[in-house]
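Commentary on secondary and tertiary structure
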Amino acid sequence: MSKSDRPSVSMKRGPMGAGPVEKANDFKGSMRKLITYLRPYYIHIVIAIIFTVCSTVFMVVGPKILGNATTELATGFMSKITGTGSIDFKSISYTLLWLIGLYLVSLLCNFVQSWVLAGVSQKITYTLRKEMSDKIDRLPFSYFDTRSHGEVLSRFSNDVDLIQQSMSTALAQLLQAAVQLIGYLVMMLSISWKMTIVALIVIPLSMILMITVVKRSQTFFAKQQASLGKVNGHIEEMYSAHIIMKAFNGEQQSIEAFEKYNDELYNSAWKSQFLSGLMQPISIFVGNIGYVGVVILGAYLAMNGVIKLGDIQAFIQYVRSFNQPIASIAQNMNILQSTAAAAERVFEFLEETEEKPDTTTAAQVYREDGTTDIKGQVTFENVRFGYTPEKTIIKNFSMFIKPGKKIAIVGPTGAGKTTIIKLLMRFYELNSGAIYIDGIKTTDMKRSDLRSLFGMVLQDAWLFNGTIMDNLRYGKLNASDEEVVEAAKTAYVDHFIRTLEHGYDTIINEESSNISQGQKQLLTIARAFLANPKILILDEATSSVDTRTEVLIQKGMEKLMENRTSFVIAHRLSTIRDADLILVMKDGDIIEAGNHEELMKENGFYTQLYNSQFEEE
């Protein structure tokens with residue numbers, strides 16, 4: 001697709017032209033949507049809550065039991081000094097054994113709770129990724145025109161991973177902290193309501209400070225996630241186009257762009273982490289204020305015999321521990337801010353406008369045995385299309401094409417050649433008009449049925465990481481090995497494959513760099529042979545190969561086009577002289593049509609294009 005054919009957008013989200021930073025500003029809405037994913041696992045969550053309560057309760061009563069042992073030890077010690085008794089070490093031993101037992105049960109309950117919540121978080125992230133994977137197949141091509149691959153992948157990886165970590169750790173810690181907070185409060189009240197009031201009097205101050213920091217940090221967490229997506233997008237883009245970047249000496253530009261996005265990530269990340277780090281110091285400072293007051297009042301009450309020595313010890317432990325769940329809640333609220341920003345990006349992706357669904361009364365293109373009566377007749381009727389309302393690319397395009405004909409589409413860059421093909425395969429929806437295949441409107445077919453009628457050999461020969469056999473079989477997934485080999489022979493690529501050390505089992509690497517461009521092109525022709533399509537789309541790609549390989553590619557294409565309706569996007573006009581019909585496009589309109597001889601006699605735009613190329617050659 002040429003640059004002029006691409007949609008005009010006012011704000012790029014890709015790494016080379018990123019727009020303004022997205023802001024996660026709907027914390028409640030995002031968390032509410034995330035909570036809906038918990039509904040199928042309510043029983044699991046209830047079980048986790050029960051075990052969390054048990055684990056925490058056993059931990060909470062520990063200081064009280066230990067205080068009783070201290071009181072008994074102190075009482076026995078005083079009795080021994082006065083000569084009225086002795087220390088009952090047996091009773092103290094039983095108390096300590098009972099305490100150890102409670103702590104062991106608490107540990108077991110905590111293990112079960114962690115195991116249950118880990119399972120729930122993994123299932124939720126599995127569901128999110130599955131929905132996102134299904135969603136990506138329903139998104140229109142226009143969505144990907146305005147976003148980089150890195151940004152989309154960032155939502156699948158970084159954002160979903162953050163949600164998973166939050167669900168498995170933050171949720172468990174929030175549950176535990178809430179139960180601890182209530183348990184500590186109850187135990188403190190059972191010892192002394194006066195001391196409890198002194199301990200709690202500083203809580204409002206702590207909460208005000210915490211809420212202020214949380215609100216301030218939310219913006220930076222949202223910016224951090226957005227900046228991370230841009231950094232990943234830039235890295236992915238530069239890695240994919242590494243050779244091009246090197247060839248055009250774009251290292252400095254790439255470094256400058258990376259530094260810009262990395263600086264944005266640094267600025268938002270350190271601010272969010274700095275504010276997150278303030279939570280614990282604030283909590284400790286405020287807690288220490290209350291702790292001092294409790295110590296003074298406790299000493300006064302003990303001297304007056306209101307409470308026992310062991311109760312003072314237990315209460316001081318509770319006061320010291322009371323700040324921990326508060327700090328934990330505050331800390332996990334920060335995590336929830338980051339989670340809300342990630343969830344908002346995920347739900348924004350899931351709520352993107354989808355392509356129009358297939359009609360519920362789709363025309364029957366294939367019989368049950370997989371055969372079809374489609375011959376390859378194509379009709380364009382008053383087709384109009386533009387990537388944006390302001391820019392119409394195809395203007396009132398009409399054409400009738402008989403089955404088995406070779407149609408060449410020529411014209412300067414941006415004329416709309418590739419756009420015609422994308423509309424034919426319904427990658428984009430028409431603004432008006434209609435396209436028919438054998439008299440059946442393309443919008444009356446299922447997209448899968450429509451696209452299965454086409455075979456494509458494009459200028460950008462695409463192969464995936466895998467064996468040559470698997471790459472060829474991509475044209476027909478249920479093809480036998482014999483069918484694959486026969487297709488390779490027909491495309492004049494069998495000999496080349498057999499010269500390789502592992503033949504058809506040769507692994508093509510991720511970048512397809514272990515075979516040449518011409519060899520890749522021959523493999524895509526063989527793949528198209530195997531698919532046996534009714535209509536072919538060919539984008540000539542022989543300009544960067546040697547003469548011998550070019551001859552093989554041309555022979556393969558000519559054989560592939562036999563008895564098939566073929567659309568050839570022609571870059572070198574000398575290769576399409578034998579076309580049944582040549583469509584000359586300019587600015588989205590077909591300005592000339594005819595075969596080579598007819599168009600040359602007209603001495604029009606086609607003649608100018610042909611002569612200019614002939615002079616260059």
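What you are looking at is a predicted structure, and each value in this text was computed from that prediction instead of being measured. (Residues numbered from 1 in each chain as written. Predicted model: local features only at pLDDT ≥ 70, side-chain atom pairs only at ≥ 80, totals over all residues. Heavy atoms only, no water.)

Here we come to the overall build of the protein chain. For the protein chain, the count of helices and strands is 19 helices and 12 strands. Taken over the C-alpha trace, the protein chain has a radius of gyration of 36 Å; the compact-globule value for 617 residues is 25 Å, which it surpasses by more than 25%. Oriented by its inertia axes, the alpha-carbon framework of the protein chain measures out at about 130 × 50 × 50 Å. Residues classed as buried in the protein chain amount to 47% of the 617 residues present. Taking all contacts inside the protein chain whose residues are at least 6 apart in sequence as the whole, residues at least 24 apart take part in 78%. (Helix = DSSP H or I, 4+ residues; strand = E, 2+ residues; numbered from the N terminus. Rg over C-alpha atoms; globule rule 2.2 N^0.38 Å. Buried < 20%, exposed > 50% of the residue type's maximum accessible area, 1.4 Å probe, protein only. Contact = heavy atoms within 4.5 Å.)

Taken in spatial order, the four strands make up an open sheet running β2-β1-β4-β5, and their pairing is antiparallel. The open sheet has two free edges, formed respectively by β2 (394-401) and β5 (440-441), since each of these has just one partner strand. Pairing of strand β4 (residues 432-437) with β5, which is carried by two bridges, proceeds in the antiparallel orientation. Among the inter-strand pairings, Y436 is bridged to a residue of β5, identified as K441. Docked against the sheet, helix α11 (residues 417-424) engages β1 (378-385), β2 and β4, running at close to 115° with respect to β1. (Pairing = 2+ DSSP bridges. Axes fitted to C-alpha atoms, helices over the stretch in contact; angles between N-to-C directions.)

An order of β6-β9-β10-β3-β11-β12 is seen for the six strands of this open sheet, with the pairing classed as mixed. The sheet is open, and its two borders are formed by β6 (454-457) and β12 (589-594), each paired with just one other strand. Here the average twist between neighbouring strands, direction ignored, is 20°. Of the pairings in the sheet, the one linking strand β3 (residues 406-410) to strand β10 (residues 565-569) comprises four bridges and is parallel in character. Bridge pairing links I407 to F567 in β10. On top of the sheet, α11 reaches β3, β6, β9 (535-539), β10 and β11 (581-586); it is set at about 145° to β10, its chief contact.

With respect to the helices and strands, G310 occurs in helix α10 (residues 309-350). For G310, a relative accessible area of 0% corresponds to the buried category. C-alpha separation for the pair G310 and D481, spaced 171 residues apart in sequence, amounts to 82 Å.

Time to look at α11. In terms of residue burial, α11 counts as a mostly covered element, since eight of its eight residues are buried. Looking at the residues trailing α11, positive phi occurs at R426, about 60°.

Moving on, we get to helix α14 (residues 481-490). Those residues of α14 lying buried are V484, V485, A487, A488 and T490. With its phi angle positive at about 60°, Y492 sits one or two positions after the end of α14.

To continue, consider the packing of aromatic side chains. Tallied over the entire structure, the rule returns 14 aromatic pairs. Arranged with centres 5.8 Å apart and planes meeting at 25°, the rings of Y37 and F347 form a pair that is stacked. Of this pair, Y37 sits in the loop between α1 (27-36) and α2 (42-82) while F347 is found in helix α10, placing the two residues 310 residues apart along the sequence. F347 matches Y37 in its accessibility class, with the two residues each being buried. Summarising the aromatic geometry, the rings of Y143 and F144 are spaced 5.2 Å apart at their centres and angled 90° between planes, so their arrangement reads as edge-to-face. (Phe/Tyr/Trp six-rings, centres within 6.5 Å; stacked < 30°, edge-to-face > 60°.)

This part takes up a nonpolar patch on the surface. On the surface, a cluster of nonpolar side chains totalling about 570 Å² of accessible area is made up of Y94, L97, I100, L104 and L107. Within the fold, Y94 resides in helix α3 (residues 89-138). Given the relative accessible area of 52%, Y94 is considered exposed. (Patch = residues over 30% accessible without salt bridge, like charges linked within 9 Å, V, L, I, M, F, W, Y side chains within 5 Å. Areas by Shrake-Rupley, 256 points an atom, 1.4 Å probe, with all protein chains shown as cover. Salt bridge = Lys/Arg side-chain N within 4 Å of Asp/Glu carboxyl O.)

So, on to unusual backbone geometry. A positive phi angle, near 50°, is found at N396, a position not held by glycine. Following the sequence through the fold, N396 ends up in strand β2. Positive phi is not limited to glycine here, since N603 has a value of about 55°. Note on placement: N603 falls in the loop between α18 (596-602) and α19 (605-616).

This part is about the packing of α3 against α10. α10 packs onto α3 with a crossing angle of 35° between their chain directions and a minimal axis gap of 9 Å. α3 and α10 meet at a crossing whose hand is left-handed. Residues L128, E131, M132, K135 and I136 of α3 touch α10, and the partners they reach there are V346, F347, F349 and L350. Looking at the contact of α3 with α10 residue by residue, the classes come out as seven nonpolar, no polar and two charged. (Left-handed = near helix turned anticlockwise from the far one by under 90°. Nonpolar A, V, L, I, M, F, W, Y, C, P; charged D, E, K, R; others polar.)

Tallying each qualifying case throughout the model produces 19 salt bridges. Its salt-bridge partner being E429, residue R426 comes within 3.0 Å of it at the nearest N-O pair. Residue classification places R426 among the buried residues on the basis of a relative accessible area of 6%. Residue classification places E429 among the partly exposed residues on the basis of a relative accessible area of 23%. Here K476 makes a salt bridge to E483, at a shortest N to O gap of 3.2 Å. Connected via shared salt-bridge partners are E355, D358, R426, E429 and R447.

So, about the confidence of the model for the protein chain. Mean pLDDT over the protein chain works out to 80, with 91% of the residues at or above the 70 mark. Across residues 1-24 the pLDDT falls below 50, and counting only partners more than four positions away or on other chains, this stretch makes 73 contacts in the model. (pLDDT = per-residue confidence, 0-100.)

Tracing the backbone through its elements, the reader meets S272 in helix α9 (residues 251-303). One polar contact links S272 to Q224, side chain to side chain, over a distance of 2.8 Å. Once residues lying within four places of it in the same chain are set aside, the contact partners of S272 are F220, F221 and Q224. (Polar contact = N/O pair within 3.5 Å; in protein donor to acceptor, adjacent residues only side chain to side chain.)

Inspection of the sheet shows β1 paired to β4 by five bridges, in the antiparallel sense. Bridging across to β4, E381 finds its partner in A434. Turn length for the β4-β5 hairpin, with the two strands adjacent in sequence and antiparallel, is two residues, and the turn residue D438 shows positive phi of about 50°.

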